[in-house]
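Topology and contacts: notes
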Amino acid sequence: MLTSILQARNPRPNGLVVAGGQLLTLPTPLNVRQTRAYFKRGVGLAMRHTQHCADGLRQLADEFERDWGEAQVQIFATPSNTHGFAWHYDDEDVFIAQIAGKKDYYLRPNTVATHVPAASAVFSRFKQEPSQLQAATLIAGDFLYIPARWWHMAICHEDALSLSVGVFPRGLDEADAL
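Just so you know, these numbers come straight off a predicted model, no measurement behind them.

**Brief notes about the packing of aromatic side chains**
- According to the stated counting rule, one finds eight aromatic pairs in the structure shown.
- On the basis of an interplanar angle of 45 degrees and a centroid distance of 5.1 Å, the ring pair of Phe95 and Tyr145 is categorised as tilted. Placement of Phe95 in strand β5 (residues 93-100) and of Tyr145 in strand β8 (residues 143-146) is noted, with a sequence separation of 50 residues between them.
- We classify Phe95 as partly exposed; its relative accessible area is 26%.
- The exposure class of Tyr145 is partly exposed, given its relative accessible area of 40%.
- Pairing Phe126 with Trp151 gives two aromatic rings, centres 5.4 Å apart and planes at 70 degrees, and the pair type is edge-to-face. Within this pair, whereas Phe126 is found in the loop between β6 (102-108) and β7 (134-139), its partner Trp151 is found in strand β9 (residues 151-156), the two being separated by 25 residues in sequence. The same class applies to Phe126 as to Trp151, namely buried.
- Site record: aromatic cluster; members linked through ring pairs are Trp87, Tyr89, Phe123, Phe126 and Trp151.

Below you can see the structure in the form of structure tokens.
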């Protein structure tokens, strides 16, 4: 799966190169060999909107959209003993499938920025968050649901590949009409 996404050309995946909670200005790798070279440096990769790059991922997004609302599929390739993104939240509900490796996910309800759209400038508010920390360890084959606007971050224990589907739910009235 990773190879086909990295090699997609029309369109290219929207790749973000990340390490230690920071977005890096390195180019998105074009193949697994380049991705492995990044892994050796502790650098991972997030690829957004991959439903436009592979038919199977488009079908997955379509299934979520049919039942829930607008969906986008992301793939995360993260080296062992690292983390990509720091504490943050998403405006959408997130469904994670752990494809390979092992990750600890840390989560907290958001009580300090509940109505503020997700943006890097607001993520420092996490330091003010008083809600209780929750954790889940995912291994290959596990799934996790993270409600919209919940704080979260993940730390890898093994080289890992994760797939997430972010869903912007339709309103209840609109869903009932279907």
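**A closer look at the pattern of salt bridges**
- Taken as a whole and judged by the stated rule, the model has five salt bridges.
- With a shortest N-O distance of 2.7 Å, Glu63 and Arg66 are connected by a salt bridge. Of the two residues, Glu63 and Arg66 are both situated in helix α3 (residues 55-67); the distance of three residues between them amounts to about one turn of the helix.
- Arg66 serves as the salt-bridge partner of Asp67, at 3.1 Å between the closest nitrogen and oxygen.
- A cluster of three or more residues bridged by salt bridges with shared partners is formed by Arg58, Asp62 and Glu65.

**Here's the deal with the side chain of Thr50**
- One can find Thr50 in the loop between β3 (44-48) and α3.
- Judged by relative accessible area, Thr50 falls into the buried class, the value being 0%.
- If we skip the residues at most four places from it in the chain, Thr50 touches Ile5, Pro13, Leu57, Val73, Gln74 and Ile75.

**A word on unusual backbone geometry**
- Of note, the bond from Asn10 into Pro11 is cis; its omega dihedral lies within 30 degrees of zero at 5 degrees.
- Within the secondary structure layout, Pro11 lies in the loop between α1 (2-6) and β1 (14-19).
- Even without being glycine, Asn81 reaches a positive phi, approximately 60 degrees.
- Locating Asn81 in the fold gives a position in the loop between β4 (69-78) and β5.
- Residue classification places Asn81 among the exposed positions, given a relative accessible area of 64%.
- In the Ramachandran plot, Arg149 falls in the positive-phi region, its phi being about 70 degrees despite a non-glycine side chain.
- Here Arg149 is to be found in the loop between β8 and β9.

So, how was this worked out
- Residues numbered from 1 in each chain as written.
- Predicted model: local features only at pLDDT ≥ 70, side-chain atom pairs only at ≥ 80, totals over all residues.
- Heavy atoms only, no water.
- Phe/Tyr/Trp six-rings, centres within 6.5 Å; stacked < 30°, edge-to-face > 60°.
- Helix = DSSP H or I, 4+ residues; strand = E, 2+ residues; numbered from the N terminus.
- Buried < 20%, exposed > 50% of the residue type's maximum accessible area, 1.4 Å probe, protein only.
- Salt bridge = Lys/Arg side-chain N within 4 Å of Asp/Glu carboxyl O.
- Contact = heavy atoms within 4.5 Å.

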